[in-house]
Amino acid sequence: MTNHTKYRILEIIPGVMVWGTFALAIVLALVKPIWGIYFIIIFDCYWLVRICYLLVYLLNSWFKYRRTIKINWLEKVKKITGWERVYHLIILPTYKEPLGVLQTTFTSLINSNYPLDKFIVVLAGEERDQVNFLNNVEVLEQEFGNKFFKFLKTVHPKDIEGELAGKGANATWAAKEVAKLINELQIPYEDILVSNFDADTCPHPEYFSYLTYTFLNQSNRTRASYQPVAVYNNNIWDSPAIIRIINNSTTFWLFTDLARPERLFTFSSHSMSFKALVEIGYWQTDIVTEDSRICLQGLVRYDGDYEVVPLHIPVSMDTPYTGKFWESLVNQYKQIRRWAYGVENFPYIVWQMWGNKKISFRKKFRYLWNQLEGTYSWATAPFLIFFLGYLPLYTAGKEVKATVFAQNAPITLQYLMTMAMVGLIFSAVLSLIMLPPKPKKQPGHKYYLMVLQWLMFPYCMILFGSV
C-alpha cells in the first residue's frame, strides 16, 4: 500500500464516522426503535452535561476578558527590562478588499497603545487583483505611510506550482519577502512578533501591549503561538440576525477553548515569534486552513515542545455581510465551510505526530481527540438532536409505543432541551454586552431583536453547522 493510499484512508475516516452515525441512527429506528430511544436520551443527557461544563469555561474566559481590556498594558510592559527590543510585524493578506475596509484596519493600528515606531506593517496583495491592490496601496501610503517604522507592500505571484490560492500562500510569500529587510536591519528574529491578520482585523488598542507583556513573561516564548478572542463587531449592527448568531457563536466557542489551552488551536488572526515561523517553514501554502495548521507544524518541528497561549483580548473583524441578504448567506456558508476544512488536520496529526516517540502519548492523543471529536460532533449533533433522535418515536411498533418508557420519552426529551436553553440565555446576554455602541441610524428596538434572534439558533446549527 502506497503512502498516498494510506493518507487517503486517514482522510476518509472522519466522513465514514459521520455517515456511519447517521446510518446507525436510521437502522436502529427501523429495526430496534427501543434501542434508538435509549440512545437519543443518553445522547441528549450527554449534550446537556456538555453545555453546562462549556458554560463554566465560557464564563471563566469572559471574566478574564473583561478584566484584561480594562488594563493599561503598556505601563506594565515598560516595567520589563528590554521590552523596547520587541518589534511587531503585522502581515495583512488582502484580496479584493474595498479601500474602506483597509482604511478601518489601518486606523485601528495607529490607535494602538504601543509605540508605532516598533511596527513593521506589510500589506500583502495578489497578482490576480494587482490593479485594485496597487490603487489601494497608493491611498494607504499617503494616509499611513509615515506612521510606522516600516510600511511595505508585497504582491504574491499567481499560479505558483503546488500552491493553493489563499491566505496561507499570500502570507508566506509576504513573510519571506520581509525577512530580507529584517536581515538587512539586523533585527534578531527572536525579538520580532509576527501577527498574521485578516485584512479586516481591528485589534483592541491594548492588543500589542498585552501580546508583548505575555510574550516577555512566557518561559518558552519563541515556541508558542498567541491566540486572541475573535469577535465580529465591525459591521455587526448591519448584519442580518442569522449571520449575527453564527459569528457570535464562533466567538463563544473560542472563549471556551481559551479557558482550556490544552485543546486550543490557532484560529484566524493570531500571533507568534518570527523565529519560530522561519524555523517551522512558514504557513503551509497548499491547504485551506493554514491558520490552525501552523500550531501543529510547531508541535511537529519541536517534538511537542510548542503551545498555544490564550490572549483574553479581542480582535474585531467583519461578518460576511455584503449589503445583500442572500449573497451574504452564501458568503457565510462558504466561510463556515472553510473553517470546517479544519478536519484536514486529522490525517496530518496521525501522519506527522503519531510515530514521533519524542512527543508524549498524552499530547498526541489529546490533539487527535480534540480535532476528531470536535469536527465529528459539529457535523452530527444537530441532526441527532433535532431530527434523527425523534425518528424511533414514529417508527416504533404498537407494543413499544404502549410501554411507559416510550410514552414518556417525548416528555423527557422536551425537558432536556428546555434545560439546555440555559446556554442560549447566557449567549443572548453576553452577545448584548459585547455589542459596540449602536449607530444612530439603527432603531432602538434593535436591542430586543439582538436577544430574540437566539431563538433561531437550532436552525443555524443545522444549516451552517452540520450541513
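Residues numbered from 1 in each chain as written. Predicted model: local features only at pLDDT ≥ 70, side-chain atom pairs only at ≥ 80, totals over all residues. Heavy atoms only, no water.

Before going further, it helps to spend a moment on unusual backbone geometry. Residue Q186 is not a glycine yet carries a positive backbone phi of 60°. Here Q186 is to be found in the loop between α6 (167-185) and β4 (192-196). A positive phi angle, near 55°, is found at S268, a position not held by glycine. On the secondary structure map, S268 appears in the loop between α8 (241-258) and β7 (270-273). (Helix = DSSP H or I, 4+ residues; strand = E, 2+ residues; numbered from the N terminus.)

Looking now at a nonpolar patch on the surface. A cluster of nonpolar side chains, M421, Y448, L449, L452 and L455, forms an exposed patch at the surface whose accessible area comes to about 540 Å². If one sorts the elements of the nonpolar patch by residue count, helix α17 (residues 446-452) sits on top with 3 residues. Along the polypeptide, M421 turns up in helix α16 (residues 404-433). (Patch = residues over 30% accessible without salt bridge, like charges linked within 9 Å, V, L, I, M, F, W, Y side chains within 5 Å. Areas by Shrake-Rupley, 256 points an atom, 1.4 Å probe, with all protein chains shown as cover. Salt bridge = Lys/Arg side-chain N within 4 Å of Asp/Glu carboxyl O.)

When two helices pack together, their arrangement is captured by the angle between the axes and the distance separating the axes. For the pair helix α1 (residues 3-31) and helix α12 (residues 345-353), interaxial distance at closest approach is 8 Å and the crossing angle is 135°. Here α12 runs oblique to α1, going by the angle between their axes. Considering only the axes of α1 and α12, their crossing is right-handed. Across the interface between the two elements, N3, K6, Y7, L10, E11, I13 and P14 from α1 touch F346, P347, Y348, V350 and W351 from α12. Here the residues of the contact of α1 with α12 sort into 9 nonpolar, 1 polar and 2 charged. (Axes fitted to C-alpha atoms, helices over the stretch in contact; angles between N-to-C directions. Parallel < 35°, antiparallel > 145°, perpendicular 65-115°, else oblique. Left-handed = near helix turned anticlockwise from the far one by under 90°. Contact = heavy atoms within 4.5 Å. Nonpolar A, V, L, I, M, F, W, Y, C, P; charged D, E, K, R; others polar.)

A word on the sheet that holds strand β3 (residues 150-156). Backbone hydrogen bonds hold the strands of a sheet together, and the pairing may be parallel or antiparallel. Overall, mixed pairing links the 8 strands, which are arranged β3-β2-β1-β4-β7-β6-β8-β5 in an open sheet. Each edge of the open sheet carries a strand with a single partner, namely β3 and β5 (202-203). Across 7 bridges, strand β6 (residues 224-231) lies against strand β8 (residues 307-316) in parallel orientation. Bridge pairing links V231 to S316 in β8. The sheet contacts of helix α2 (residues 33-68) involve β6 and β8, and relative to β8 the element is tilted by about 60°. Of the strands in this sheet, β2 (119-126) and β3 are in contact with helix α5 (residues 130-144), which crosses β3 at around 175°. (Pairing = 2+ DSSP bridges.)

Our next topic: the environment of V121. With respect to the element layout, V121 can be found in strand β2. Residue V121 is classed as buried on the basis of its relative accessible area, which comes to 0%. The spacing of V121 and D257 is 136 residues in sequence and 29 Å in space, taken between C-alpha atoms. Not counting chain neighbours up to four residues away, the residues in contact with V121 comprise I90, L92, F106, L109, F148, K150, F151 and L152. (Buried < 20%, exposed > 50% of the residue type's maximum accessible area, 1.4 Å probe, protein only.)

On inspection of all chains with the given rule, the structure shows 39 aromatic pairs. Ring centres 5.6 Å apart and planes at 75° place the aromatic pair F22 and F383 in the edge-to-face group. Here F22, found in helix α1, pairs with F383, found in helix α13 (residues 361-386); they are 361 residues apart in sequence, far enough to count as distant. Taken together, a centroid distance of 5.3 Å and an interplanar angle of 85° make the contact between W253 and F267 edge-to-face. With W253 in helix α8 and F267 in the loop between α8 and β7, this pair connects stretches of sequence that are 14 residues apart. Residue classification places W253 among the partly exposed residues on the basis of a relative accessible area of 39%. Note on F267: relative accessible area 8%, which makes it buried. Note that K150 overlies the ring of F149, its terminal NZ or CZ placed 5.7 Å from the centroid. We note R293 situated over the ring of Y348; from NZ or CZ to the ring centre the distance is 4.0 Å. (Phe/Tyr/Trp six-rings, centres within 6.5 Å; stacked < 30°, edge-to-face > 60°. Lys NZ or Arg CZ within 6 Å of the ring centre and 35° of its normal.)

Taken as a whole, this structure holds 3 cavities of 30 Å³ or more when the rule is applied. Counted as a void, the largest cavity has a volume near 60 Å³. As for the largest cavity, its lining consists of V231, Y232, N233, I236, N247, N248, T251, F252, S431, M434 and L435. Looking at the lining of the largest cavity, the element that brings in the most residues is α8, giving 4 residues. Within the lining of the largest cavity, the residues separate by chemical class into 6 nonpolar, 5 polar and no charged. Looking at the second largest cavity, its volume works out to about 50 Å³. In this structure, the second largest cavity is lined by A25, L28, G36, F39, I40, L384, L388, G389 and P392. Mapped by element, the contributors of at least two residues to the lining of the second largest cavity are α1 and α2. Top element by residues in the lining of the second largest cavity is α2. It accounts for 3 residues. (1 Å grid on protein atoms, 1.4 Å probe; cavity = no way out; pocket = protein on both sides within 12 Å on 5 of 7 lines; lining within 4 Å. Points joined across faces, edges and corners; volume = space filled by probe spheres on them.)

Limitation: the analysis is restricted to geometry and does not speak to function.
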